[in-house]
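Summary of the model geometry
What follows is the residue order along each chain.
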Amino acid sequence: MSETNTQQESGQEQLNEAQLAKTFEPGAIEARWYGHWESQGLFRPERADATPFTIVNPPPNVTGSLHIGHALDNTLQDIVIRHERLKGKDALWVVGTDHAGIATQMVVERQLEAAQDKRTNYTREQFVEKVWEWKAESGGTITRQLRRLGCSMDWSREQFTMDPHFTRAVVKVFVDLHKQGLIYRDKRLVNWDPKLKTAISDLEVETREVQGHFWRFRYPLADGVTLDSGADHIVVATTRPETMLADMAVAVHPDDERYKSVIGKHVVLPLTGRRIPIVADEHADPALGTGAVKITPGHDFNDFEVGRRAGIEARDMLNMLDAEAQVVQTADGLIPQEFLGQDRFFARKAVVEALKAQGLLVPHVTKDKDGNETEHDAEPRTIQTPFGDRGGVVIEPWLTDQWYVNAEFLARRPIEAVRSGAIEIVPKSWEKTFFNWMENIQPWCVSRQLWWGHRIPAWYDAEGTPYVAETEEEAQALAGNKPLTRDEDVLDTWFSSALWPFATLGWPDETELVKRHYPNDLLVSGFDILFFWDARMAMQGLHFMDDVPWKRLYLHGLVRAADGQKMSKSKGNVVDPLGLIDKYGADALRFFMAAMESQGRDVKMDEKRVEGYRNFATKLWNAARFCQANGITASTTLEAPAATSAVNRWIVGEVVETVAALDQAMADLRFDAAANTIYHFVWDTFCDWYIELIKGSFDDETRAVAGWVLDQILVMLHPFMPFVTEELWHALGARQNELIVARWPAPQASVDAAAKGEVEWLIALVSALRTAKNELGIAPGARLEAYLAEPSAQTAATIAANPAAIERLARLSAIHFASAPAGAAMQIVAGDATLVVPLDGVIDIAAEKARLEKALAAAQKEAKALEGRLGNPSFVERAKPEAVEKARADHAHHSAEAERLSAALARLG
């Protein structure tokens, strides 16, 4: 059942035909086999003539270590790539790490700080050299951990987004996009992280609820103008008083009757004395606050747009903060001296106090229960506040010159690709989210104020004119040999990783890998990086390669704690996948991930289930030991052996159906269905029934069929549990090659309906009898007799053909084709037959009825009480989610118990 391979070197013999130990211990097995696969180059065998299949691993940060999300993402990819490799494809899984600009610079800076040192003590080149030193020493943690998970990546071509060939691709893309007018320099507001002193993207901003305040201030009207009410001022409200120092307008709604008469007039901005206009804009909500809004276009994203609509150019917008969010003088020089140099939050307090001293603060008034009024400086408010996900400080909208990509233009082709089906998003429900974001996409700020990363290929002359080129010599030529200075910024990490599907294959050179493996076949990704990475790969791939980066995009959910909460260190509910591997083995963790992954739904962590899949591996191990002990060895054929007995014809048909179900599940990317299919075939069909049915009848045919079926199991299970299957593959006999490069099952057989019917009748009979005995307290080994009047010809033939199995498994000493004698009895249904089993002398019928009735009443009482509880909206809405979940589980348990007991009573007539 294997493809022809050259004989492995001498160490191979030691891996073959091992006598299986009594106990399955995964640790040593995993370490031995992974090293063997990698050293033999088996993750990417030579298959130049085979159909290519390509996936790329979302490159983890070089600073990273394996977390449970990585374990899910990479397990799913490995299942796919092992499956395609077994199907004979030229399967390439591209692997590498991302240079992670901000994260890596932070790690190295922290190391310096720990040694009482800092980045600014070094030149840029010296610091970058220290980062490379750190990478050489500590940057490979996660790649070692991926090996422990069993990831069969092509390590021989491991990539890094700062490798020279990758940098060349990044530079070319930037320069080409600039030539095409799709990259440009602009002054716009960005999310500025004052701690890291760099711009970050919208996607790297976390919004948190913060307890803050809402202040109201009087802005005096200029030139003696008054409102229709007679007031000589406009009251504005704000949560950020400090930014008023850079206000450039007050906005009111054009239809707000209170302010119509002063639109186009001016107010005098307190503290600075600057005259600013009153503008009409629908951004001002008449129902919110006073209906008048201060406009600070240099420090608020909404205000920026209002300012532009009011005709204020970005170059004229005032910026009152520096890179550390400290107050600096604005272009008009009107900020009072006492505020300069203050941190933004200290300046907030100082501005409030100054306005209060001038009588311009409108107090917030509250009343107690007796009607007594109290004045406060501000109204308490819960404010949605942006924080940097890495710097951890409040983000400041900051007006600055940055490099931008025309994302709206680049998004057009990916949108069309998804609409046309050239890119299939699985599950399809994510398409709406994709379209919504892509159709409303904003210019992409790609410059970052860091030292670590791909330096922007732009040089400036003395007047600040940029010259973009791949080399300084080319820029010099463009500038007419003027003296030039290199841009200090680097590119957003996601700009370079957007090239991953083709730059990793050698682009911009036209390599054989590019021709053969682009576009990729599949991308497996968490939904949380759909816009960080996936959408950007689609943009760059279609623009530069004129084809989609991958044909299918599979988006999986998050791994959550057992109670459904998101995992976080602060909650203390983070699960270490390496700890689970140490405890239960990589195979068990992998199988858990696959079995729980249900097309985009979040996975709830459940260590008990991981333990259960370790038991599953043990079950298979013991079944293989049983086969080994009974002379069942490795099969020599790919197709099913000839079979004459019903049980052997039945199991061959079961393999045929399982292979088909597995292939369909994998084609549909239903990992849970695939895992459950192979699980039930191994545990139920093979171990619990086939092995039981063939015990005591190990003729040549049965040994051949059993060995063949076990081989099929090892191949089908291998993508999910690669280590235990490879170990068992070699323990069962000499092989021409390892399981990892074997052939996917091709039984060349069909389902035998007659054999299937016969064996399923036996299984139904045995199952029903075992259940009935358990319900009625009859010893499992008790031998009984059964009566079946007027059996069908097929049932009679089945009974006649299987006396040994009926006696051994059903513990029926006889089945009489006659009516049962009078007296207490139970009825057993198997297929079209209802067998009657006399119980006189077997159990005390009256006592058993009484016991069952008492237990049934108790179960029904508990179920009814829980039903009432769950039907109470007050409980469901107010109780803790875990309490509601437990009540539902208890209700299901007691309801099922009541059904079981009712069935048992019914058996007694």
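Residues numbered from 1 in each chain as written. Predicted model: local features only at pLDDT ≥ 70, side-chain atom pairs only at ≥ 80, totals over all residues. Heavy atoms only, no water.

As a further point, take the overall build of the chain. The helix and strand tally for the chain stands at 30 helices and 32 strands. Projected onto its principal axes, the C-alpha coordinates of the chain cover approximately 115 × 80 × 55 Å. Within the chain, the fraction of its 909 residues that count as buried is 53%. If you take every contact in the chain between residues at least 6 apart in sequence, the share linking residues at least 24 apart comes to 77%. A total of about 39500 Å² of accessible surface is found on the chain, and carbon and sulfur atoms cover 49% of it. Side chains of the chain give 98 positive and 130 negative charges; the mean places of these two sets differ by 3 Å. (Helix = DSSP H or I, 4+ residues; strand = E, 2+ residues; numbered from the N terminus. Buried < 20%, exposed > 50% of the residue type's maximum accessible area, 1.4 Å probe, protein only. Contact = heavy atoms within 4.5 Å. Areas by Shrake-Rupley, 256 points an atom, 1.4 Å probe, with all protein chains shown as cover. Lys, Arg positive; Asp, Glu negative; His and termini not counted. Charge placed at Lys NZ, Arg CZ, Asp CG, Glu CD.)

Mean pLDDT over the chain works out to 92, with 98% of the residues at or above the 70 mark. Here residues 1–16 is a poorly scored stretch, pLDDT under 50, and it has 37 contacts once near neighbours within four places are set aside; other chains count. (pLDDT = per-residue confidence, 0-100.)

Another aspect to go through is helix α6 (residues 141–149). Because an α-helix completes one turn every 3.6 residues, residues spaced three or four positions apart along the sequence face the same direction. Along α6, the positions that sit buried rather than exposed are I142, T143, Q145, L146 and L149. Burial along α6 is one-sided: seen end-on, the buried residues are contained in an arc of 160 degrees. Contacts made by the buried residues of α6 are with α3 (68–86), β3 (96–97), α18 (577–584), α19 (586–596) and α24 (722–731). Once α6 finishes, G150 follows within two positions and takes phi at roughly 95 degrees, a positive value. (Arc of directions from axis to C-beta.)

What follows covers the pattern of salt bridges. In this structure the tally under the stated criterion is 54 salt bridges. As a salt-bridge pair, E305 and R308 come within 3.5 Å of each other at their nearest N and O atoms. Within this pair, E305 and its partner R308 are both found in helix α8 (residues 301–309), separated by three residues, close to a single helical turn. Residues joined in a network through salt bridges with shared partners are R44, D90, D154 and R516. (Salt bridge = Lys/Arg side-chain N within 4 Å of Asp/Glu carboxyl O.)

Tracing the backbone shows D521 in strand β25 (residues 520–526). For D521, a relative accessible area of 15% puts it in the buried group. In this structure D521 touches P52, F53, T54, W550, K551 and R552, once residues within four positions along its chain are discounted.

The next thing to look at is the packing of helix α20 (residues 607–629) against α24. Angle between the axes and distance between the axes: these two values describe a pair of packed helices. Remark: α20 packs on α24, axes separated minimally by 11 Å, with the N-to-C direction vectors making an angle of 0 degrees. In terms of their interaxial angle, α20 and α24 are classed as roughly parallel. On α24, the residues touching L620, W621, A624 and Q628 of α20 are V724, E727, L728 and A731. (Axes fitted to C-alpha atoms, helices over the stretch in contact; angles between N-to-C directions. Parallel < 35°, antiparallel > 145°, perpendicular 65-115°, else oblique.)

The subject of this paragraph is the nonpolar core. By size, the foremost hydrophobic cluster in this structure holds 146 residues, and its most contacted members are F591, W650, F686, F720, L765, M826 and L835. At 14 residues, helix α22 (residues 671–694) tops the list of elements feeding residues into this core. With sequence-adjacent residues up to four places away left out, F591 is seen in contact with Y613, F616, A675, I678, Y679, L717, F720 and M721. (Core = buried A, V, L, I, M, F, W, Y, C linked by side-chain atoms within 4.5 Å.)

So, on to the sheet that holds strand β21 (residues 458–460). The pairing of strands in a sheet comes from backbone hydrogen bonds and takes either a parallel or an antiparallel form. Strand order in this open sheet of three strands is β22-β21-β23, and the pairing throughout is antiparallel. Of all strands in the sheet, those bounded by a partner on one side alone are β22 (466–468) and β23 (485–486). Note that β21 and β22 share three bridges and pair antiparallel. Across the sheet, residue W459 finds its bridge partner in β22, namely Y467. (Pairing = 2+ DSSP bridges.)

All right, on to the sheet that holds strand β10 (residues 266–268) then. Read across the sheet, four strands follow the order β10-β11-β9-β12 without closing on themselves; strand pairing throughout is mixed. Two strands lie at the open edges of the sheet, namely β10 and β12 (292–295), each paired on one side alone. Taking the axes of each pair of neighbouring strands and ignoring which way they run, one obtains an average angle of 30 degrees across the sheet. Here β10 runs beside strand β11 (residues 275–280); their pairing, made up of three bridges, is antiparallel. Its bridge partner being in β11, V268 is matched across the sheet by R275.

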